[in-house]
Amino acid sequence: MAAQQESGLLQEKGDQPEKGAQVAAWLKKIFGDHRIPQYEVNPRTTEILYHLSERNKARDRDVSLVIEDLKQKASEYESEAKHLQDLLMESVNFSPASLSSTGSRYLNALVDIAVVLETKDTSLTSFIPAVNDLTSDLFHTKSKNEEIKLELTKLENKLTGTLVLEKCLQEDLKKAEQHLSTERARVDHRLQNMDFLKAKSEEFRSGIKAAEEQLSARGMDASLSHQSLVALSEKLAELKRQTRPLKKKLESYLDLMPNPSLAQVKIEEAKRELDTIEAELTQKVEMMEL
């Protein structure tokens, strides 16, 4: 294996002068009378230029074949045209050269149409299918255009709806931001009021505590405190509520023949009890005011 590689390298080195000569000849052919640009001559650049020259030669051969084929076809077309001209002259004594300028224009237009339609000749049997195909393509293109227009209309409607929705969302967002700003200001105001109320509550609590301490130092009876008075007021309201049905019951007995002396005793007892409670409550309220 190593021997084969070494043999290949030696053969490649031996081919370098021949490849360099071919490259130089190819460059001279390409540039002609112009000066060949300078380049670094080494095995790598020689190999690259050699492959380029080989590809260029292959392309030139392909182009030459295409040119020869086109020349051959042109010669065949010219022969066919000459044959048709001779045939026209022999059959109807007609020659394109004898046509007027208008007729020549029509003939050239007919030929151009045949070229555009890619027909094999200018006969009706060739033109009609070609025109039908062209009409079919035109109809298909129009139908496709209508579909595209319809799709564009749908997209425009969707885009319009999207833009309207975006505008509504922007307005809603703006309103939400304004509402949020208002609520934030209101919450801040409430927090400030709450702080103020807390401070006042603490101040009142301290004042009540100091007043209670002063009253306690002066020997105030515990029964005269605010809580005791509230309890007495509630007790008085409860007693009034309890005496209300008794009064109604008493009113039902007033229509009977009462025992004046016994009734008078009961009435006096009730009045004294009520006066005692009211006097006690009034006394405690007055002491609170002092």
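Look a little higher up for the structure.
No experiment lies behind these values; they were computed from the predicted model shown.

Analysis parameters
Residues numbered from 1 in each chain as written. Predicted model: local features only at pLDDT ≥ 70, side-chain atom pairs only at ≥ 80, totals over all residues. Heavy atoms only, no water. Helix = DSSP H or I, 4+ residues; strand = E, 2+ residues; numbered from the N terminus. Contact = heavy atoms within 4.5 Å. Areas by Shrake-Rupley, 256 points an atom, 1.4 Å probe, with all protein chains shown as cover. Salt bridge = Lys/Arg side-chain N within 4 Å of Asp/Glu carboxyl O. Core = buried A, V, L, I, M, F, W, Y, C linked by side-chain atoms within 4.5 Å. Buried < 20%, exposed > 50% of the residue type's maximum accessible area, 1.4 Å probe, protein only. Patch = residues over 30% accessible without salt bridge, like charges linked within 9 Å, V, L, I, M, F, W, Y side chains within 5 Å.

Points about the overall build of the protein chain
Line of reasoning, step 1. Across its full length, the protein chain holds six helices and zero strands.
Line of reasoning, step 2. Taken from the N to the C terminus, the helices and strands of the protein chain come in the order α-α-α-α-α-α.
Line of reasoning, step 3. When contacts within the protein chain are restricted to residue pairs at least 6 apart in sequence, those whose partners lie at least 24 apart make up 47%.
Line of reasoning, step 4. Roughly 25200 Å² of accessible area belongs to the protein chain as shown, and the carbon and sulfur atoms make up 59% of that amount.

Focus: the pattern of salt bridges
Line of reasoning, step 1. In this structure the tally under the stated criterion is six salt bridges.
Line of reasoning, step 2. Here R205 makes a salt bridge to E202, at a shortest N to O gap of 2.9 Å. You can see R205 and its partner E202 sitting in helix α4 (residues 124-217), three residues apart, about one turn around the helix.

Points about the side chain of N56
Line of reasoning, step 1. For N56, the location among the structural elements is in helix α2 (residues 43-92).
Line of reasoning, step 2. Leave out the neighbours within four places in its chain, and N56 touches W26 and I30.

Considerations on the nonpolar core
Line of reasoning, step 1. Counting five residues, the largest nonpolar core consists of V23, W26, L27, L49 and Y50.
Line of reasoning, step 2. Among the secondary structure elements, those contributing two or more residues to this core are α1 (2-31) and α2.
Line of reasoning, step 3. Ignoring any residue separated from it by four or fewer positions in sequence, one finds V23 in contact with Y39, T46, L49 and Y50.

Points about a nonpolar patch on the surface
Line of reasoning, step 1. Together, L107, L110, V111 and V115 make up an exposed nonpolar region whose accessible area comes to about 300 Å².
Line of reasoning, step 2. Tracing the sequence through the fold places V115 in helix α3 (residues 101-117).

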